[in-house]
Every structure is written in structure tokens, then in C-alpha cells.
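# Structure at a glance
Residues per chain, in single letters:
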Amino acid sequence: MAARQAQDLTAAPPQIETPPEAKERCEIYILPPGPTLADLEVGYQTRGAQLMACDGRRALAVGAHAREHELEAEWLRLRAARGRRPWWPF
């Protein structure tokens with residue numbers, strides 16, 4: 001009975017806020033109509049920088065998601081341990 005009450009009083013699993021940068025839309029350079037060689041060169045460099053920035057934002061989102069799952073797994077492990085030992089202080 002005491003073990004069940006201890007489990008009912010546990011906090012919610014941890015959650016991590018996704019960084020706002022990870023939610024931003026990725027921009028992609030579009031060539032103008034009738035592009036020149038200069039437009040192609042600028043487009044190549046601009047797209048490369050934009051892809052790097054977009055990949056960084058994606059890595060932020062994936063990292064936050066993975067860390068949240070790690071924290072949830074730890075929370076579940078501690079919750080299961082609490083059920084086996086109701087005298088455990090937390």
C-alpha cells in the first residue's frame with residue numbers, strides 16, 4: 001500500500017524545451033530567372049552556408065529529443081526502484 005502511494009506522488013517525467021532556433025524554417029537560395037555565372041557562384045556559396053545553418057538547427061532538435069529520452073529512461077528506472085523500495089526517500 002505504501003509503495004503504491006509513493007508511486008502516485010511522483011513527479012511527471014522530465015521534459016526538455018526544444019531550442020527556438022531548431023524550430024526556425026530553413027532558407028534556401030533560389031536562382032533568379034535567367035541566371036548568370038555570377039548568380040550560380042553566389043547561389044552555390046549561399047546554399048552551402050544555408051545548409052550548414054539548417055543542419056546545425058536540426059542537430060539542436062535531435063540532441064534535445066535524444067536527451068529527453070535519456071532523462072525519461074532514468075526517470076523510469078528510478079520510479080521502478082522506488083516501487084521495490086518504498087522506504088527510499090525520493
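Residues numbered from 1 in each chain as written. Predicted model: local features only at pLDDT ≥ 70, side-chain atom pairs only at ≥ 80, totals over all residues. Heavy atoms only, no water.

## Describing the overall build of the protein chain
Broken down by element type, the protein chain carries two helices and zero strands. Across the 90 residues in the protein chain, those meeting the buried criterion constitute 11%. Long-range contacts, defined here as pairs at least 24 residues apart, represent 63% of the contacts in the protein chain between residues at least 6 apart. Only carbon and sulfur atoms are counted for the fraction: they give 61% of the accessible area of the protein chain, which is about 7,100 Å². (Helix = DSSP H or I, 4+ residues; strand = E, 2+ residues; numbered from the N terminus. Buried < 20%, exposed > 50% of the residue type's maximum accessible area, 1.4 Å probe, protein only. Contact = heavy atoms within 4.5 Å. Areas by Shrake-Rupley, 256 points an atom, 1.4 Å probe, with all protein chains shown as cover.)

## Section: the environment of Ile28
Counting through the fold element by element, Ile28 comes out in the loop between α1 (2-8) and α2 (37-84). The class for Ile28 is partly exposed, based on a relative accessible area of 42%. Separated by 23 residues in sequence, Ile28 and Leu51 have C-alpha atoms that sit 7.8 Å apart. In this structure, Ile28 is in contact with Arg47, Gln50 and Leu51, ignoring residues within four places of it in sequence.

## A closer look at the state of the cysteines
This model, assessed by the stated rule, comprises one disulfide. Shown here is the disulfide that connects Cys26 with Cys54, its sulfur atoms set 1.9 Å apart. Taking the torsion about the S-S bond as the criterion, the Cys26 to Cys54 disulfide, at about 85°, is right-handed. Residue Cys26 is found in the loop between α1 and α2, and its partner Cys54 is found in helix α2; the two are separated by 28 residues along the sequence. (Disulfide = S-S within 2.5 Å.)

## Let's talk about the pattern of salt bridges
This model, assessed by the stated rule, comprises four salt bridges. With a closest N to O distance of 3.1 Å, Asp55 and Arg58 form a salt bridge. One end of the pair, Asp55, and the other, Arg58, are both in helix α2, three residues apart, so they sit about a helical turn from each other. According to the relative accessible area criterion, Asp55 is partly exposed, its value standing at 39%. (Salt bridge = Lys/Arg side-chain N within 4 Å of Asp/Glu carboxyl O.)

## Some details on a nonpolar patch on the surface
A cluster of nonpolar side chains, Ile28, Ile30 and Leu51, forms an exposed patch at the surface whose accessible area comes to about 320 Å². Positionally, Ile30 belongs in the loop between α1 and α2. (Patch = residues over 30% accessible without salt bridge, like charges linked within 9 Å, V, L, I, M, F, W, Y side chains within 5 Å.)

## A short note on the environment of Arg47
For Arg47, the location among the structural elements is in helix α2. Sequence separation of Arg47 and Tyr29 is 18 residues, and the distance between their C-alpha atoms is 5.7 Å. Not counting the four nearest positions on each side in its chain, Arg47 is found in contact with Ile28, Tyr29 and Ile30.

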